[in-house]
Structure formats: C-alpha cells, structure tokens
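Here is how the chains run, residue by residue.
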10 protein chains.
Amino acid sequence: MLKGISPIISPDLLKILMEMGHGDEIVIADGNFPSASHGERVVRCDGSGTTELLEAILPLFPLDSYADYPIALMQVVPGDTVKTPIWDDYKAIVADNASEPAAFEEVERFAFYERAKKAYAIVTTSERALYANIILKKGVVTT
Amino acid sequence: MLKGISPIISPDLLKILMEMGHGDEIVIADGNFPSASHGERVVRCDGSGTTELLEAILPLFPLDSYADYPIALMQVVPGDTVKTPIWDDYKAIVADNASEPAAFEEVERFAFYERAKKAYAIVTTSERALYANIILKKGVVTT
Amino acid sequence: MLKGISPIISPDLLKILMEMGHGDEIVIADGNFPSASHGERVVRCDGSGTTELLEAILPLFPLDSYADYPIALMQVVPGDTVKTPIWDDYKAIVADNASEPAAFEEVERFAFYERAKKAYAIVTTSERALYANIILKKGVVTT
Amino acid sequence: MLKGISPIISPDLLKILMEMGHGDEIVIADGNFPSASHGERVVRCDGSGTTELLEAILPLFPLDSYADYPIALMQVVPGDTVKTPIWDDYKAIVADNASEPAAFEEVERFAFYERAKKAYAIVTTSERALYANIILKKGVVTT
Amino acid sequence: MLKGISPIISPDLLKILMEMGHGDEIVIADGNFPSASHGERVVRCDGSGTTELLEAILPLFPLDSYADYPIALMQVVPGDTVKTPIWDDYKAIVADNASEPAAFEEVERFAFYERAKKAYAIVTTSERALYANIILKKGVVTT
Amino acid sequence: MLKGISPIISPDLLKILMEMGHGDEIVIADGNFPSASHGERVVRCDGSGTTELLEAILPLFPLDSYADYPIALMQVVPGDTVKTPIWDDYKAIVADNASEPAAFEEVERFAFYERAKKAYAIVTTSERALYANIILKKGVVTT
Amino acid sequence: MLKGISPIISPDLLKILMEMGHGDEIVIADGNFPSASHGERVVRCDGSGTTELLEAILPLFPLDSYADYPIALMQVVPGDTVKTPIWDDYKAIVADNASEPAAFEEVERFAFYERAKKAYAIVTTSERALYANIILKKGVVTT
Amino acid sequence: MLKGISPIISPDLLKILMEMGHGDEIVIADGNFPSASHGERVVRCDGSGTTELLEAILPLFPLDSYADYPIALMQVVPGDTVKTPIWDDYKAIVADNASEPAAFEEVERFAFYERAKKAYAIVTTSERALYANIILKKGVVTT
Amino acid sequence: MLKGISPIISPDLLKILMEMGHGDEIVIADGNFPSASHGERVVRCDGSGTTELLEAILPLFPLDSYADYPIALMQVVPGDTVKTPIWDDYKAIVADNASEPAAFEEVERFAFYERAKKAYAIVTTSERALYANIILKKGVVTT
Amino acid sequence: MLKGISPIISPDLLKILMEMGHGDEIVIADGNFPSASHGERVVRCDGSGTTELLEAILPLFPLDSYADYPIALMQVVPGDTVKTPIWDDYKAIVADNASEPAAFEEVERFAFYERAKKAYAIVTTSERALYANIILKKGVVTT
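- The name an unreviewed UniProt entry assigns to chain A is L-fucose mutarotase, from the organism Gracilibacillus oryzae.

Given below as structure tokens:
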C-alpha cells in the first residue's frame, strides 16, 4: 500500500497505469468479459467492481483531449433487453474527475473485442452488471 | 467466473487452493503484510478484505483435523495497544463453516513471518485492519 | 481437491474454465485428436473419457445463449462408416445440465481443426471412441 | 496415444518414467497428498486412481532388486482408525507384475514427506482412498 | 530405458510420438538436413541412422489410412546422379510393420522443406546417406 | 507518468514501493555501490541523485515506527577522511516528510553490504557523493 | 559507472547503443510518449530529460551520413498551439557534437509511432516538454 | 578449447556451425553491421576480424555446390568511393579451403539486410574494414 | 555435421566439450544410470553406446595430467557377480588416444553418484552393459 | 561499436563492467580456465588474448585503492616448471594505466577457483599462455 493511492489498485496495475502514454487504452472489464483470450497483458482485480476501479483510476491520469471519444462502452447487442444503469454511474464518476467534459462512444460487441485486443491492458473485475465494460484512453500528463 | 465459486476468488487463487494438499498452509494477509518479500507464490487480491476472502475460501476445503491448531493469528507485539476486533469476525466465520470446532493459535510476529515463508501461498488483500493476518491449514477432502 | 468440484478436474483445468469469458470456447478432445499441434493451451486429462469430463465441466458454467449453436461436434468424414453412439451420451448430459435446450452443430473435420486452434483451450482425454471431440461455448454467468 | 502403452499415462509421465534410472523413485500420490508443495516435478493424473496407475506403470520397468524395500507405503498415523484395504490391491498388482517378490516398507508420515521431496517425480491422482500413497524404486532394465 | 521401447528412442522423442495425434507428421532427417532452421521442435538423435529410427518408431503407431500417401520422401534434385538405395530399406521396414500397404510420395526438395516446417517435429540423425529424409503421418490408434 | 507521483520514479520502482510491506527495506545506493552483485531485485535510476530520490519516495510511505532505527547509513571506513555533507541533506528531507522523528543508524561497510542483500530492493543512482547509500525501512500505511 | 561515460546512461542503455549498427534508430521519448506499447526493447531513464540524454549519447556515435535526415522530430499536430523551444536545444547540441551538419526531419504523429515501433530501442525520460521526442539514426563508427 | 578447432571460435558458434544443414546460411558481419536488429540468433565475436573468422570456419564445412553462388558480399552503395581490398583476402582464403571453385555474388545493401534476416545466424566481429560482410551457404558434409 | 567431428556427437555435446576447462569432468553414463536426477546439464545420446562415445570424444581433448586419476569407473557393488569386460575396451581406447598413460580409479557406487552431481555434464547413452559409466577429467589444451 | 571504446569489448562485457561497483571483481581467464563451471555470469571473448583485454578494460575504471591487493594472479602449482612471462606484460599494462601503484597477489590454484566463483563475472579468452588468469577489483569512479 502507498499513501494517496487507492488500496484496491494492485502494484501491477499501478505500474501499468504509469507505463501507459498518450493515446494508450485500458479496458476495465466486467466478470463475463473474455479477458484472458483477448489481452496479452491482463491484470486480475477479482475483488473489485468496475465502478470502484473507475473511481480509483481516474484521479491518476487525465483522459485524452486529442480524441473525439476518450471513453468507449460496449453497445447492447440488438434484441437484448438488458438495461445498463451502471453507465450512469460511469458518467457521474467521469464528470467528478475530469477537468473537461469527456464524450462516451458506444462500440458494437465484436468491434469492442477487437479494440480490447489492441489495448495496453485489460483489467478484470468481478462485476456482475452486464455491458459494464469500459475503455479509457489516457491523455497528456502535464502537472 | 464459475457457478458456485465466489467471484472474488481469482483463477490463480482457485488453482492454488485446489493444488494444496493435507497439511499445506495458506496465509491471508492484510494490506501491510510484507507478502512479496516472504512468499514465492503470492496471489494479489487487492480489492478484497480478509474477512471476505475467508468467507469465500472456507466453503472450499475443510481445516486440518490432525493438527492441534489449524488456524494461526499474528500475536499483537508486546506494548502495542491496538485492538483486534476482526479476530471475532474470523471466529464467527470459521464457526459457520467448519464441521467441527477449530482452535486458533497466536504466533509471535517474527515466528509468523518464518511460518509464512513456508506456506504454500500468501494471499494479499487491501485489508486496513491491523494484525488481520491469518493462516489456514488444509485438511483432508473426503466428499 | 476441493469440496464441490469433481476430482477429475485438474487445478490447471479449473483455472482455465474460470478464466474463460462469454463466447470463449473449449475443446474436449478424444485420444486421437492432434491436440498438441493445434492448441497453445493444452490441458492433459489422460485418465478421463470425454463423457466423464463433460459431466464434470457442465455444472460449472452455462452454455452461450447468444450463439445459434453453443456446441459443436466433428462431422464424420464422408465415406467413413464409423458410428458415433457417444453423441447420444453427450446430448443426454447436456440436457441434464442446461437450463435451456442447446443446439449441436456438426463441423467438417478440417474446419473443426481450424476452430480448435482458436479455442481458449484444448483438453485431451484418453477417450477411445472415434469422432468424440466436442466444443463448448461458454455463456454468461449470472448467479 | 501409442500402441502398447496404457492411454492413462500422459506423454509427460511416460517421458519421466523413461528418464528415471537405477534407484530413482516415483511417488504415486492420492488426492489429498500435498504434491505441489513437496515435488518440483509434479505430473497431474487427476482422472486416474492409484491402482489404475500402478497397473499402467509396473509393466514398464522392474523394481530395484538392489534395495531391501523397493516399495514404500505411508504408515497410518498412530491413533488413526482408518483401514487401508487398497494396500492389498497394491500387493496383488505388484505380485502380478514383478519377476521376483518385492518387499513393502511402511514409512512414518513426515518421513514419507521428506522422501517424497527427493523422489524424481510425484504423480497426483484423484484417488479418494486414504493412505493410498506409494513409492516405487526403479530397477535395472536389462531386456 | 523402459521395457518394450527401443533404447535408441530418447525420452523427449517418446513424449513427442505420444503427443502426436491423427494426421500429425514427423520428419526423420538425415545428417545434412537443415533441421534446426526448419523446425521449432527438433529432437537430436545424432547417434542413430534413419533406418534404425524408422524401425524403432513404426511399432509405436499406425500410419494414416485416411491419407493417400502417409509417407513422403525427398525427390532427387533433377540433374543429381545420386542413387537412393536406402529407400528400398524404408519400404521393407514399412511393409514389415504396417497392417496394410502404405504408399510413398516423392516431394520436390523445397516443397519438402516447407512441409517439414509444418511437421509436429523433426528428428535429426547422423545418417550419411543422401536423400534419406522421410516424413511419417500418424494414423488412428485403436488398440 | 501519473498525477501526484514524481516523474523520476519509474513504473518498476513504484510497483516495488507498493509491494513492500511493514518492515521491508529498500536501499538507495550511490553510483559506486555494488548493486548488481548484492541485490536480486535492482532498479536502475541512473539519471537521479540520491537526494532527489529520497524526496520522491518519502511522501509515498511512512518509516517504521516499530524499529529503533528506521534509517541506516554506511559508516565511513576508519582512516578514510571523506566528509559526508549529504547526510545533512538526508536528515532535513526526512524531517520534512516524517510525521514523527526518525533515528539514523550507522552501519559498518561490510555489514551494510550484508543488509543490502536482504533488502527487498536496491535502487541505483548516478550519485557522485561518497557514502551516500541509505536504507529505509517501511512502516505501516494507515491512511 | 565507467570513466568517460556519462553516469546518466544505464548499463542497459550503453549495451544497446553499442549493439546498434549502421542505420539502426533509437528514440529518445518524452514522458508522455507511449513507449511501453510501441517498443519491445524499452530502456527507462525516468530521472533524465531528453536534452541531457541527447548530450550524453551523441558523443558515443556519429549520425548516419548515408541518410538524408539522420534525425527526426514529431510534427506538431495541426491545430495544436504548443510551441517547441526544446527543438532549438536539440539543434544546438547536435551542432556541437556532429562532425558534419545533420538535417532534421519532421514526422507526422502517427507515422512517428510506426517508425518508433521499428526502432532498435525506445528510451523513456521524465521530460515534461511536449513534442520532445527525437529519433537518431546511427552512422558508421570509423575511429 | 578443443584440439583441432581454432580457439577464436566460441562454443556457441561451433554449436551453430554444426546445427546448420545443407543450404543454411551464416553471415560474418563487420563491426558496423546492424546485427542485433537483423538476426534473432547472433553470436558475438568482438575480438576477431572477418578474415580470421573466415579462415577458422571454412575448414569445418564445404560450401554449397548446389547453389550458383555459395558466397555473397555486400555491394558498395552507388556513389560511395570506398575500396574493398578485403574481398581479395576473402577470395584467397576461399580458394585455399574449397575443394572446388566457389562463385561470389554481390548483393545490394538493403537486399543483403533482408537476406541476413533469414540466415541461420549472424556472427559479429570488430572488423574495421567497410563492406566486409560476407554470407556463406553450407554444403553437404560427406566425409 | 562438421568435417573432422564424429557425427554421433550432437551440437550440444560439442559445445559442452568445448566449454569445459582444465579439471572439469564429464560422465559418460550407461542406459541405467540415473542421469536426469543427478545432473543439471544432461546431454542425451540415446542412439550411442559408451565405447563409441569414448572413441568420439577422446580425440578432442587431453586427459588431465595434473590429476592422479584422470579417469574413474563405477566399482562393482560388493556381492554383485556381474563382469565388466567393457572396461578392457575403455582401457584400449584410452591407450590409443592418450599421449601419456592415464590411470583408472574405481569409485564406490554412491560416491560415484555424488561425483557425477558435480561433473560439468552427464552424457546419457543407450549402453546395455552394466557398470559401464565412466568419468573423464579434461586436461590442458596446448596445441 | 562506440567511439572511445575498444571494439574487442562486447556490448555484454561493457554492460557488466558498468554494472560493477566498488569492490566487485572480474576474472580475465585464459583459454584453459574452467569458466563455464565456475561462473554464472560468463562473457565469452574467444577472439582475444588476456593482455589485449586487460589493455581494453583498464582505461574504463580505477583499481580498488581500499584493498591491499586489487589484482590477483593464479600461483604456479608446486612442481610445475612452467614460466609466466605474461605476468610482466600485465604489470607493465597496469603501470601504464593506474594512477597509483597496484600490488599483485598470488593465489593458490583451488583458492583462485573459489574466488572466481564469487567474482561478478568471468571473461573467457582464447589465451594460450598458461597461468594467465587475472582478477581485477574495481575501485571508486570519481570523475
């Protein structure tokens, strides 16, 4: 544990967050996301939910102001009637942390998988909510 | 995730719990325990507390009925005035899960470190409570 | 060994089953399947047959309800007169475990090989029956 | 699979059996034996029982005629009332395979653990019988 | 060494032969074959000739009855006047071992190299005869 | 880079600082310290001096209040006339960061080497000052 | 440390500089560059700025006189109003070190990323200046 | 060291020369060749020049009589006025060692790089002469 | 293969022979020797007998003239009536190769095992003769 | 290659020389020294002699002025009549490079081996001279 860093962030995850540079992406995945098959660099955070992790990570770096959408969500599969109330939590957490408004993009399920493969890392959680996967694009650290 | 297994248990931890045999020990360590320097096989569970993990692990195997004390706690350092209310939680959880009563042993701090080095694995948590480290000795699985 | 998990499942296999996410596939292969040359992640279960493994694995996760065919079999090569009574066993085991009916797809031999290469893992068995290979697609764990 | 070799023997186990030389020992361990913590070279045979493996292994090499006891069993812990009928099965299998009578030694539990650490390999099984662990010392292959 | 297995087969080679499944190929290469540059999985058998190895390997598995040519030889380069009497030895050894006749295919030198790259393994020998390379395709083990 | 973390701390160093637990030690070594031969876990920080690193590290964790001397310096070799003005800088930096006074211990050169071998990590610097090596013992993180 | 080599160059970096041959490129990246995701061979120099490193590296090898532009900078993204005064420092340092004038090329941001992927190594720094990334192409060492 | 083998050949290089088969190529590179970036299998021979190595290697295997040009040199870049007297030394050494005349091919600089990438190994030297790189194609060893 | 080197010597073995220095020992072991459990560096030569290997190795280096016994054999176990005619072959081969007479030492079985553990390498063979193990101590290469 | 560094020093050796700190030792070994069996960190410099390497290394760091003997030679074995003229070369080279006189210690053969095991690295050469092994103890780099 370190002073000023959320204790739910593991040493590996903290290292990965610090290694990321401008434009690199990280996926915070729910418990059903096929993380192990889609990412070479996978950090297990089985004891956390996605909202807790988002709250722990966002204070550590800004989102990418060069990108149109620094945040991406997995679009609900057509025909699926699942609701995604967790998205509202995400938007509130982002609004609380970001210095400027950040737009959310919705990405079709299989396109989301392909994008996850190219992300710098995938963080797994034990999140039970469906469609709770979220991608963050890191911005420029200036302070 | 798997049906019937707590989602806070990671795949690595589940594998380790299954690999353990009669008499092998596992340490569930609090956030200040020097896990990385004392265990070769360390599983990070930074998002969980020790009580949650104890509750998730105990349904998976019995404690060792061949040993006098199948459970060990780290003794409070003489002169330290810290209280350890979490120990009562541990005792309640064990009582809920064990088929027969299991005795708790208190082990002096540095002796506890030496025993942790010989354990099959150390599980790290983000537990804030002090003296929350606990060692479990696995018993014989018969069912 | 763990309580509630079939002892024929090895720690490595259990870890792999837990790592799999929605849409990941696993191949349970018979003794003649070219597993080592087709899978990077191969789990040896030489002491088990395919039906025993199917019975041990299916209670651990649901099949994929998003897919038309969550299960695939290797089609008999045209001209081959071998019978496949083991398929009936498979169907009975699936019916016993699945909460909803699951359709079986038959895949041509070399297409099956290509699909096996992309599976998350291949489990080898010492099954003597021919055409006993079976692919399972994991669904969403919700409980 | 290979002609003339029992299909419950995995490729790794077969390689290990062949690598062993005169005087090397192998442990066939029951499902509760702490294999992973006591052997660097561990072969998982979770789908098999100890008697099946003994029957599969003994045709492949002779026992050590230079040793007083080429076979060792784990002694029942004093006070334990468990019976060990599986030992009779072992003796019958050995009698069927060995060209000359082979004496069985009983080794105290913790001494057995120490000896297992020095064995060339430990084979794990899913054997439910207690005290089913058995050590074989390989003899000179002359044919 | 093991009873019933030729002592010129190394433990690694035996493991590889057992890992191979239906349709996998193995190259037995002469001393001048560029094995190290063409195979990721190379087994050195420098003390043996190709005929000895063929005699040691063929009793262990059947050739592939699903393939038109379960055996391939490297075609003599046009203009090369070398004779290949060792091919007759091969045909006699195959005839002695196979339960049914097996057809030999001749493959052009560079096509042979490409096929060797895809083989499950290449076995090197110290065979002095030229054009002594031979590929075997494993069949279905049914006994 | 991360917000709130000094950019002279590398991702590896940050991970190591977070992995350390109560009582673990870290050596900040000068440019002449035999780091590579005395530590298995060595982090190179060649672009920094020891004072800069001390200033960057101390805000991240408390020193060990359970130890008599949470900080150690390498004693000047008897007969050596070198002065160590950098020690005053160290004391000022510690005073600025610590919540309570921390005592400095002087350790004989070869005893210092032995202690460095047991430290969790050694951080190398390009510090030109002599006798600039310093050991920190991590305390309990409570906030 | 070695006589005549700047102490801010780590042993790994020195080895890499020496391994590079005619035409190989090295990227000196600022603190926001996505180094870890773009280079397989990454050397962390978190305690240094880019100008310090450039000054330390240039005395060790000549720039490539066979190339039109032995040096490349990352072009400012259109619309970005950031100034790049550090480029003037670079030009002065190059002029001080090079035996003959060396031309600077400006490369579009994403083309720069692609070129960085092919570079022999990426050196990370804690440089705060934006657009401070610079690529050097090594020339022929003749003395 | 071994009797009959030049002591400037390292054990690794000798192993590589022996592993090479008919048609495999080896590059003997001068001190400025980008070896580390172009070869996965690189042997450092920094204390030797290219002519010494050529003299040490050629007695160990014949050149490829099946190829039109068993030897390749790097063509002088158009416009470069460097002379290549070392090529005459090469021709003399080859004439001294080869049982039959061997033709030299000149390969354009970047084509030479591509061919070096496919070679079985690149041997680096500290050769100061420019354009001293040479590729040898191994022939059939018959004695 | 290389000119002048016996083709039964593998590239790995040749490398090891060359790496050995004055006083290093190598064990040529028969097919029953427990090589895998006694040597970290084991070279498999399953296709060769011990006499063939001795004949192939001795031309490559001199025996140690500083040692009283540069050669060691495994003493027959008291009570064992096995004859060791192969020792005469060894003596004849040594006499043919050594420039000066070399004395043979007989070492008790378990002392031989301990010495084998310290040898630089153990070479396994498929030698059927008993007590055919032989240790060679390398001398100073002067030519 | 780098400007100002002898081209006979390999990148690995340069890295090792730079990693060494005050009091670390390096062995420059002759061609008969058992380097591979005595050092975990071995750098092959087969193309160089010991005097050339000594001349290349000494300009890079000072010898240890804290030690009585910063240089050690291997004592001639009693009874051996070999002369060691190379020692005079060593003394001349040291005198040319050292800023202050450095004393040479002679160490008995087997004691020398033990010391070599503890050295930071052993550099092998193809030096033919006997008793040419030399150990250097690195001093404090102050410039």
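Having seen it, we continue.
## So, the packing of helix H3 (residues 50-57) of chain I against helix H4 (residues 86-97) of chain I
Residue and element names in this part refer to chain I.
Then comes step 1: Packing of H3 against H4 leaves a shortest axis separation of 10 Å and a crossing angle of 10°. As the angle between them shows, H3 and H4 are arranged roughly parallel. Taking contact as the criterion, the partners of Thr50, Thr51, Leu54 and Glu55 in H3 are, on H4, Ile86, Asp89, Tyr90 and Ile93.
Then comes step 2: Residue classes in the contact of H3 with H4 are distributed as 4 nonpolar, 2 polar and 2 charged.

## Re unusual backbone geometry
Residues and elements named next belong to chain E.
Then comes step 1: The backbone of Tyr131 sits at a positive phi, close to 55°, despite the residue not being glycine.
Then comes step 2: Looking at the element boundaries, Tyr131 is found in the loop between strand S5 (121-125) and strand S6 (134-137).
Then comes step 3: Owing to a relative accessible area of 7%, Tyr131 belongs among the buried residues under this scheme.

## Concerning the pairing of strand S3 (residues 71-74) of chain H
A regular strand places its side chains so that they alternate between the two faces of the sheet.
All names here are of chain H.
Then comes step 1: Going residue by residue along S3, you find Ile71 and Leu73 tucked away on one face and Ala72 and Met74 tucked away on the opposite face as well.
Then comes step 2: In this sheet, strand S4 (residues 104-107) lies alongside S3 in parallel orientation, the contact comprising 4 bridges. Each bridged residue has a counterpart across the sheet, and for Leu73 the counterpart in S4 is Glu106.
Then comes step 3: This β-α-β element, S3 to helix H4 (residues 86-97) to S4, shows right-handed connectivity.

## Side note on the interface of chain B and chain C
Then comes step 1: Of the residues lining the interface, 23 residues belong to chain B; the matching set on chain C comes to 23 residues.
Then comes step 2: When chain B packs against chain C, close to 2,000 Å² is buried across both sides, 70% of that on carbon and sulfur atoms.
Then comes step 3: Of all residues in chain B, the largest losses of buried area upon contact with chain C belong to Leu2(B), Lys3(B) and Met18(B), amounting jointly to 39% of the total for that side.
Then comes step 4: For the interface between chain B and chain C, the tally reads 2 salt bridges.
Then comes step 5: Across the salt bridge formed by Lys15(C) and Asp12(B), the nearest N and O atoms sit 3.8 Å from each other.
Then comes step 6: Among the residues making up the side of chain B that touches chain C, the classes are represented as 15 nonpolar, 3 polar and 5 charged.

Conventions we followed
- Residues numbered from 1 in each chain as written.
- Chains lettered and ligands numbered in written order.
- Predicted model: local features only at pLDDT ≥ 70, side-chain atom pairs only at ≥ 80, totals over all residues.
- Heavy atoms only, no water.
- Axes fitted to C-alpha atoms, helices over the stretch in contact; angles between N-to-C directions.
- Helix = DSSP H or I, 4+ residues; strand = E, 2+ residues; numbered from the N terminus.
- Parallel < 35°, antiparallel > 145°, perpendicular 65-115°, else oblique.
- Contact = heavy atoms within 4.5 Å.
- Nonpolar A, V, L, I, M, F, W, Y, C, P; charged D, E, K, R; others polar.
- Buried < 20%, exposed > 50% of the residue type's maximum accessible area, 1.4 Å probe, protein only.
- Pairing = 2+ DSSP bridges.
- Right-handed = clockwise from strand over helix to strand, strands pointing away.
- Buried area = accessible area lost by both parts, 1.4 Å probe.
- Salt bridge = Lys/Arg side-chain N within 4 Å of Asp/Glu carboxyl O.

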